[in-house]
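What the coordinates show
For reference, the chains in residue letters:
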2 protein chains.
Amino acid sequence: MATIGDVAREAGVSRSTASYALSGKRPISEEVRRRVLAAAEALAYTPNAGARALATSRTKVLGLLARFYTDEFAPAMMQYIQGVTDTARDLGYDTLLVTDEDGARALRRITDSRMVDGVVLMNIAQDDPRLPILRAAPQPGATVGLPGDCSGIDVFDLDFEEAGRAMVDHLHRLGHRELILISQPEHVVERGGAYVWRLRDAALERARQCGVTLHTVYGESRQPAVGRLLHTLLDTYPSATGLLINNEAAAAALPSVAHERGLRVPEDLSVIGRYSAEFAAAFSLPYSFVESAPDRLGSMAVRQLVRRVESATARREPFVVRFISPELVSRGSTTPPRDPRPRTPAR
Amino acid sequence: MATIGDVAREAGVSRSTASYALSGKRPISEEVRRRVLAAAEALAYTPNAGARALATSRTKVLGLLARFYTDEFAPAMMQYIQGVTDTARDLGYDTLLVTDEDGARALRRITDSRMVDGVVLMNIAQDDPRLPILRAAPQPGATVGLPGDCSGIDVFDLDFEEAGRAMVDHLHRLGHRELILISQPEHVVERGGAYVWRLRDAALERARQCGVTLHTVYGESRQPAVGRLLHTLLDTYPSATGLLINNEAAAAALPSVAHERGLRVPEDLSVIGRYSAEFAAAFSLPYSFVESAPDRLGSMAVRQLVRRVESATARREPFVVRFISPELVSRGSTTPPRDPRPRTPAR
DNA sequence: CGTCAATGTCGAACCGGTTCGACGACCAAG
DNA sequence: CTTGGTCGTCGAACCGGTTCGACATTGACG
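Residues numbered from 1 in each chain as written. Chains lettered and ligands numbered in written order. Predicted model: local features only at pLDDT ≥ 70, side-chain atom pairs only at ≥ 80, totals over all residues. Heavy atoms only, no water.

Named according to an unreviewed UniProt entry, chain A is LacI family DNA-binding transcriptional regulator originating from Nonomuraea montanisoli.

**Concerning the packing of helix α8 (residues 160-174) of chain A against helix α10 (residues 194-209) of chain A**
Helices that pack against each other are described as a pair by the angle of their axes relative to one another and the distance between those axes. All names here are of chain A. Running from N to C, α8 and α10 cross one another at 40°; their axes reach a closest spacing of 7 Å. One finds that α8 runs oblique with respect to α10. Handedness of the crossing formed by α8 with α10: right-handed. Within the contact between the two elements, α8 uses F160, E161, A163, G164, R165, M167, V168 and D169 and α10 uses Y195, R198, L199, A202, A203, R206 and A207. Among the residues making up the contact of α8 with α10, the classes are represented as nine nonpolar, one polar and five charged. (Axes fitted to C-alpha atoms, helices over the stretch in contact; angles between N-to-C directions. Helix = DSSP H or I, 4+ residues; strand = E, 2+ residues; numbered from the N terminus. Parallel < 35°, antiparallel > 145°, perpendicular 65-115°, else oblique. Left-handed = near helix turned anticlockwise from the far one by under 90°. Contact = heavy atoms within 4.5 Å. Nonpolar A, V, L, I, M, F, W, Y, C, P; charged D, E, K, R; others polar.)

**Topic: the sheet that holds strand β10 (residues 288-291) of chain A**
Backbone-to-backbone hydrogen bonds pair the strands of a sheet. The strands run either parallel or antiparallel. Residues and elements named next belong to chain A. Overall, mixed pairing links the six strands, which are arranged β7-β6-β8-β9-β10-β12 in an open sheet. Each edge of the sheet is formed by a strand with only one pairing partner; in this case those strands are β7 (213-219) and β12 (327-329). Each strand of the sheet is rotated relative to its neighbour by a mean of 20°, with strand direction disregarded. Lying on the sheet, α8 is in contact with β6 (178-185), β8 (242-245), β9 (270-275), β10 and β12; it crosses β9 at an angle near 165°. Running at roughly 170° to β6, α10 makes contact with β6, β7 and β9 of the sheet. (Pairing = 2+ DSSP bridges.)

**Notes on unusual backbone geometry**
Residue and element names in this part refer to chain A. Between V265 and P266 the backbone carries a cis peptide bond, its omega angle lying at 10°. Structurally, P266 is set in the loop between α12 (248-261) and β9. In this structure, S57 is a non-glycine residue whose phi angle is positive, near 60°. Considering the arrangement of structural elements, one finds S57 in the loop between α4 (49-56) and β1 (61-65). Its identity as a non-glycine residue notwithstanding, R114 has a phi of 60°, on the positive side.

**Thoughts on the protein's contact with DNA strand D**
Around DNA strand D sit 31 residues in total, of which T17 and V32 of chain A together with I4, R15 and R26 of chain B are the nearest. Backbone atoms, meaning sugar and phosphate, form 48% of the atoms of DNA strand D found within 4 Å of the protein. A distance of 2.9 Å separates a base oxygen of DNA strand D from a polar atom in the side chain of R26 of chain A. Take S19 of chain B: an N or O atom from its side chain is 3.0 Å from a phosphate oxygen of DNA strand D. If you list the elements that add at least two residues to the surface near DNA strand D, you get α2 (15-23) and α4 of chain A together with α2 (15-23) and α4 (49-56) of chain B. In terms of residue class, the surface near DNA strand D is made up of 15 nonpolar, ten polar and six charged. (Near = heavy atom within 4 Å. Polar contact = N/O pair within 3.5 Å; in protein donor to acceptor, adjacent residues only side chain to side chain.)

**Some words on the protein's contact with DNA strand C**
Inspection of the region around DNA strand C gives 31 residues, with I4, R15 and R26 of chain A together with T17 and V32 of chain B positioned closest. Close to the protein, within 4 Å, the atoms of DNA strand C are drawn from sugar and phosphate at a rate of 49%. At a separation of 2.6 Å, a base nitrogen of DNA strand C approaches a polar side-chain atom of R15 of chain A. Among the elements of the structure, α2 and α4 of chain A together with α2 and α4 of chain B are those that each provide at least two residues to the surface near DNA strand C. For the surface near DNA strand C, the residue count by class is 15 nonpolar, ten polar and six charged.

**Things to note about the UniProt feature "domain: HTH lacI-type" (unreviewed entry) in chain A**
UniProt annotation of "domain: HTH lacI-type" (unreviewed entry) refers to residues 2-56 of chain A when read in the numbering used here. Span residues 2-56 of chain A is 71% helix and 0% strand, its end C-alpha atoms 20 Å apart. (UniProt positions renumbered as here; feature names shortened; annotations may be inferred.)

**What to know about the relation of the copies chain B and chain A**
When chain B is brought onto chain A, the operation consists of a screw motion whose angular component is 180° and whose axial shift is 0.0 Å, with 0.0 Å RMSD remaining. What we have between these two chains is a two-fold relation. The fraction of interface residues of chain B whose copies in chain A are also interface residues reaches 100%, indicating that both copies meet through the same surface. (Least-squares fit on C-alpha atoms with pLDDT ≥ 70 in both.)

**Focus: the confidence of the model for chain A**
For chain A, the average pLDDT comes to 93, and 97% of its residues sit at 70 or higher. A low-confidence stretch, residues 340-347 of chain A (pLDDT under 50), is modelled with twelve contacts involving residues beyond four sequence positions or located in other chains. (pLDDT = per-residue confidence, 0-100.)

**Observations regarding the packing of aromatic side chains**
Within the structure shown, the criterion is met by nine aromatic pairs over all chains. Pairing Y275 of chain A with F289 of chain A gives two aromatic rings, centres 5.0 Å apart and planes at 20°, and the pair type is stacked. Residue Y275 of chain A is located in strand β9, and its partner F289 of chain A is located in strand β10; the two are separated by 14 residues in the primary sequence. Taking relative accessible area as the criterion, F289 of chain A reaches 0% and is therefore assigned buried. Put simply, the rings of Y275, F279, F283 and F289 of chain A together with Y275, F279, F283 and F289 of chain B touch in pairs and so form one group of aromatic residues. The residue whose ring lies beneath R191 of chain A is Y69 of chain A, and the NZ or CZ to ring-centre distance is 3.5 Å. (Phe/Tyr/Trp six-rings, centres within 6.5 Å; stacked < 30°, edge-to-face > 60°. Buried < 20%, exposed > 50% of the residue type's maximum accessible area, 1.4 Å probe, protein only. Lys NZ or Arg CZ within 6 Å of the ring centre and 35° of its normal.)

**Looking at the pattern of salt bridges**
Under the counting rule described, the total for this entry stands at 46 salt bridges over all chains. Of the charged contacts, one joins D169 of chain A and R206 of chain A as a salt bridge, the two residues approaching to 2.6 Å between their closest N and O atoms. Here R206 of chain A lies in helix α10 and D169 of chain A lies in helix α8, a separation of 37 residues in the sequence. In this structure, D235 of chain B and R261 of chain B form a salt bridge, with 2.6 Å as the shortest nitrogen-oxygen distance. Taken together, the positions of D235 of chain B in helix α11 (residues 225-236) and R261 of chain B in helix α12 (residues 248-261) put the pair 26 residues apart, joining distant regions of the chain. Exposure remark for R261 of chain B: the relative accessible area of 29% places this residue in the partly exposed category. Salt bridges sharing partners connect three or more residues here, namely R89 and D94 of chain A together with D100 and R109 of chain B. (Salt bridge = Lys/Arg side-chain N within 4 Å of Asp/Glu carboxyl O.)

**Points about the side chain of E178 of chain A**
Following the sequence through the fold, E178 of chain A ends up in strand β6. A distance of 2.7 Å separates the side chain of E178 of chain A from the side chain of H215 of chain A, its partner in a polar contact.

**Let's talk about the sheet that holds strand β2 (residues 94-98) of chain A**
The twelve strands are arranged β11(A)-β5(A)-β4(A)-β3(A)-β1(A)-β2(A)-β2(B)-β1(B)-β3(B)-β4(B)-β5(B)-β11(B) in an open sheet whose pairing can be described as mixed. Pairing within the sheet leaves two strands with one partner each, and these edge strands are β11 (321-324) of chain A together with β11 (321-324) of chain B. When the angles between neighbouring strand axes are averaged without regard to direction, this sheet yields 20°. Looking at chain direction, strand β4 (residues 141-144) of chain A and strand β5 (residues 154-158) of chain A are connected through three bridges and run parallel. Bridging across to β5 of chain A, V144 of chain A finds its partner in F156 of chain A. Strand contacts of helix α14 (residues 294-310) of chain B: β1 (61-65), β3 (118-121), β4 (141-144), β5 (154-158) and β11 of chain B, with the helix running at about 165° to β5 of chain B, the strand carrying the most contacts.

Below, the structure is given as structure tokens:
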């Protein structure tokens, strides 16, 4: 494999001149530049990543810490990952995917050894053990997901509170007065998945404000449990006219459950989900939904990270906590309830 | 950040002694070893990955080239990836996930720059443009998936031919004489996804041998197209008594299609799928299936790769093409056909 | 007691880049 | 004809590890 020394010799110049000719960091005569480029081309020269990393303290690699939990739907995860890898590549970075069970130790390993220039954390927990390590690390970090303590990192997430309110508002405006919210499984919450209760609590609060009854329940993540749960819910709250779904597996299971019950959407039940357009397409979900934009979030996190990596001034900017506003995509799965109760003014 | 020089000074020894004390590659007195380890501990010393890579020509990183095609089901992909990352970590390696559209160029980049010690290729095409590059690369490579030309690499795949035969045999033995096989979408084939026709052609051949009629058709990868297709198929071949599914999306869609038609499995239709147990669990698919073992395949590829990376003798061993035998997992979705035609001896 | 081998440590070189400071050549201005 | 600045190039040092060869010390053995 050709080194820069080989290129220099081939071009008849010194190693430093070859380096400058290739990087353009100092003026080099047209003639010499040509010779160096030709030599590099001829020898198929590619700089050694380790050597360059050693010399520049830059690896052009970003770490991506993610876990594939079976109770958080896999296809959704893929989209976050793709958002990160695609954007990283656009900006000239490769992605080190780390899925260790012990995320804190893995994070320490890749940051201490200087394998990466920055780190994106996913599957953020309310009290995430990786965050203290990330704050102490010399590399900048960003998260997709909102932790309890956002200091020292850039945070990107869907505005789940607003999503919860938007769902309730939408159905309230149509005249619904009794709704059901099905969330992620309880152990997602136990693991610290704050987005579950952020959406739920905001929805409850808004429901209270507008005099809407909102039944909330933890869901399941798998068939057939989640299908059974849907049946049970619909049996338990027969007067509920709207269903809010913050649980991909439940959304995916609903069509067949509705079919089994002879339940028409939206005539008998209005439905709003919270998932991505890509997910909706894969499962052909015919429901209006709040877009969760996983690819956009991953992309935003990487862009900010790279800004901080590449610019000393950007590195000193205050940390951001950025929420993307939930966009309600209408697919016609909501309508005024069949037998609307008289509109009572809120409160 | 502490370097090995800092550790050496703290321990009052030379850099080389510190290095040997930490690596154990030369005998070091107990006393000195203790001092060095204590110093390393006190300074939270972690070797710089770039420097180590430069000195040893080893990065302890494996490349994983994968693409997330929307027409090959995402959850299945995740399992391959997890098989790779988990096994790599067990063996002391990190994983560089590369999802570039131009896989050949990406592969050249990571191998030429010596970012990785070895490479696992996924989404293998019959005539895969990445393979010539991999063969020319100084690092060993393995694939999950069978390319047309296996020279110079280690290949791991499910025995799709045997899977096709096993499916046909199983139903033939039960007395079925007319079957339908639904494959992946046609553009998976156009992209060079050989596993599609490997399973199909072997199934056709075996069906011919035992006098079974086998209707084959390319599937769709998404709802609702795939659901419509299933309806059409069942309408078109009303006398078919068995359904073979080599298409995750079709398998996932079948329960609701069956429900819509009032079709009972296995009483009215025997069904065998080809997917992973994990996939079956996520979608609660009640069908017997041929296990595709994505995690095992990823794991095997990595193990072989690491063997070659770490041992000069292993590197000289002949390349392997290893198929894992399809295991038929029974879930009771097959039974003799309702109105069995008289058993005609094969041929 | 002298020789030899084993043991433990050190200095120096090397891996392959980048970058700083110096220097010669050239040209314009004083 | 100097002086000064710019341009283009080079040598050397450095990044942070690993590893080779040399050397001093020690103990065993003839």
